[in-house]
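Residue strings, one per chain:
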Amino acid sequence: MAEDKPKKTLLKRLRTKYFFIIRKQENFEERLSIRMSLASLVMITGGLIVVLIVAVISLVAFTPLREYIPGYADVNIRKDLLYLNLKTDSLEIALQERSDYIRNLRRILTDSVDVGDSSKAVAEGTAPPAHTRSFAAPSHADSILRTEVESQNPYNVVPGGSAGKEGNGLNDYFFFAPLKGIITNGFNPAGNHYGVDIASKENDAVKATLDGTIILSTWTLATGNVIVIQHKDNIISVYEHNSVLMKKAGDNVQAGDVIAIVGNSGELTSGPHLHFELWYQGSPVNPVDYITF
């Protein structure tokens, strides 16, 4: 019973109500009064402390303030460092591949042996022994072949070259595709269709197939906006049903230059497409035989 008495006394003190009164100094007028017990005061104080702790933790965890606390690092900085590290590795690999490519290209053009590579191979033990390497002179047939190859133009990148089927004909030229799309109507001279119809998206660019000069840039009732280009060796290309013409007669163009915009102009059309014709020495030829659309 003696032990229970202090406990009851403590509970009684905690539950005892107290008045907190604020008075004005001049006339002791009461301005504010609060009635609470010690238990209520402890609970309110504890609640304020918990709220303060939660607020501080939130500021540290979800705001840039954590960057000023030792031990914390910005996640974005880590991501940037990782990205830069990966990019550096990629650049090193690309640089090494470019260096190897240039070195091999130099060896091919100069027809020489890279002493550095040979020394490296010998140092690594991958090169054959000196007494097993053969440096015999080329045979007579090999000499004839070398002379024939060296007499040709080593920089001729035109398909067919001097060995084309038609000599200086269409096989000697590299035609630029005027438009990438689907051929909906093929070459049919018997049906008076002297070219191919290439379906594409409206407003796609139409490009010149070869270097040349614009000899016609006009509008006709049947074919709409038309451009005709005169090329070398009496080659002519025709582009019909365009919505907009980008060049005028007399302009010089190069292969791949934009000369018009795909459209649906003229009476002989049923949708956005390009009617393309290729003429050689006054006769129409099938563009599919020389161009990949």
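Analysis parameters
Throughout, a residue's number is its position along its own chain's written sequence, starting from 1. Confidence filtering applies because this is a predicted model: local features only for residues at pLDDT of at least 70, side-chain atom pairs given and counted only at 80 or more, and all residues used for totals across whole chains, interfaces and linings. Excluding hydrogens and water, the side-chain values take into account all heavy atoms of the structure. Helix numbering and strand numbering both begin at the N terminus, where a helix is a DSSP run of H or I of at least 4 residues and a strand a DSSP run of E of at least 2. The buried label goes to any residue with under 20% of its type's maximum accessible area, the exposed label to any with over 50%, and the partly exposed label to all in between, with areas taken from a 1.4 Å probe on protein chains only. It only takes one pair of heavy atoms within 4.5 Å for two residues to be counted as in contact. Exposure was quantified through the Shrake-Rupley algorithm and a 1.4 Å probe, taking into account, for residues, occlusion by the shown protein chains and nothing else. For Phe, Tyr and Trp, where Trp contributes only its six-membered ring, two rings pair if their centres lie within 6.5 Å, and the inter-plane angle classes them as stacked under 30 degrees, edge-to-face over 60, or tilted in between. Under this rule, positive means Lys or Arg and negative means Asp or Glu; His and the chain ends count for nothing. Any Lys or Arg side-chain nitrogen found within 4 Å of a carboxyl oxygen on Asp or Glu counts as a salt bridge. Contacts described as polar in this section are N or O atom pairs within 3.5 Å, which, within protein, must combine one atom able to donate a hydrogen with one able to accept it, while residues neighboring in sequence count only if both atoms come from side chains.

### Quick notes on the overall build of the chain
1) Next: The secondary structure content of the chain amounts to five helices and 12 strands.
2) Next: The buried share of the chain, reckoned over its 293 residues, is 22%.
3) Next: When contacts within the chain are restricted to residue pairs at least 6 apart in sequence, those whose partners lie at least 24 apart make up 51%.
4) Next: With the model as given, the accessible surface of the chain reaches about 21,400 Å², and the carbon-plus-sulfur share is 59%.

### Some remarks on the packing of aromatic side chains
1) Next: Evaluated as defined, the whole model comprises five aromatic pairs.
2) Next: An angle of 50 degrees between the planes, with centres 6.4 Å apart, marks the rings of Y173 and F175 as tilted. Across the pair, exposure class does not vary: Y173 and F175 are buried alike.
3) Next: On the basis of an interplanar angle of 50 degrees and a centroid distance of 5.3 Å, the ring pair of Y239 and F276 is categorised as tilted. With Y239 in strand β8 (residues 235-245) and F276 in strand β11 (residues 273-280), the pair connects residues that are 37 residues apart, well separated along the chain.
4) Next: Judged by its relative accessible area of 0%, Y239 falls in the buried class.
5) Next: Accessibility expressed as a relative area gives 0% for F276, which makes it buried.
6) Next: Cluster of aromatic residues (ring-pair linked, three or more members): Y173, F175 and Y290.

### Observations concerning the side chain of D197
1) Next: Mapping D197 onto the fold places it in strand β4 (residues 195-199).
2) Next: One buried charged residue, D197, forms no salt bridge at all, with the nearest opposite charge on K180 at 17 Å.
3) Next: Side-chain polar atoms of D197 contact the side chain of H193, separated by 3.2 Å.
4) Next: Here H275 takes part through its side chain, which lies 2.8 Å from a polar atom of the side chain of D197.

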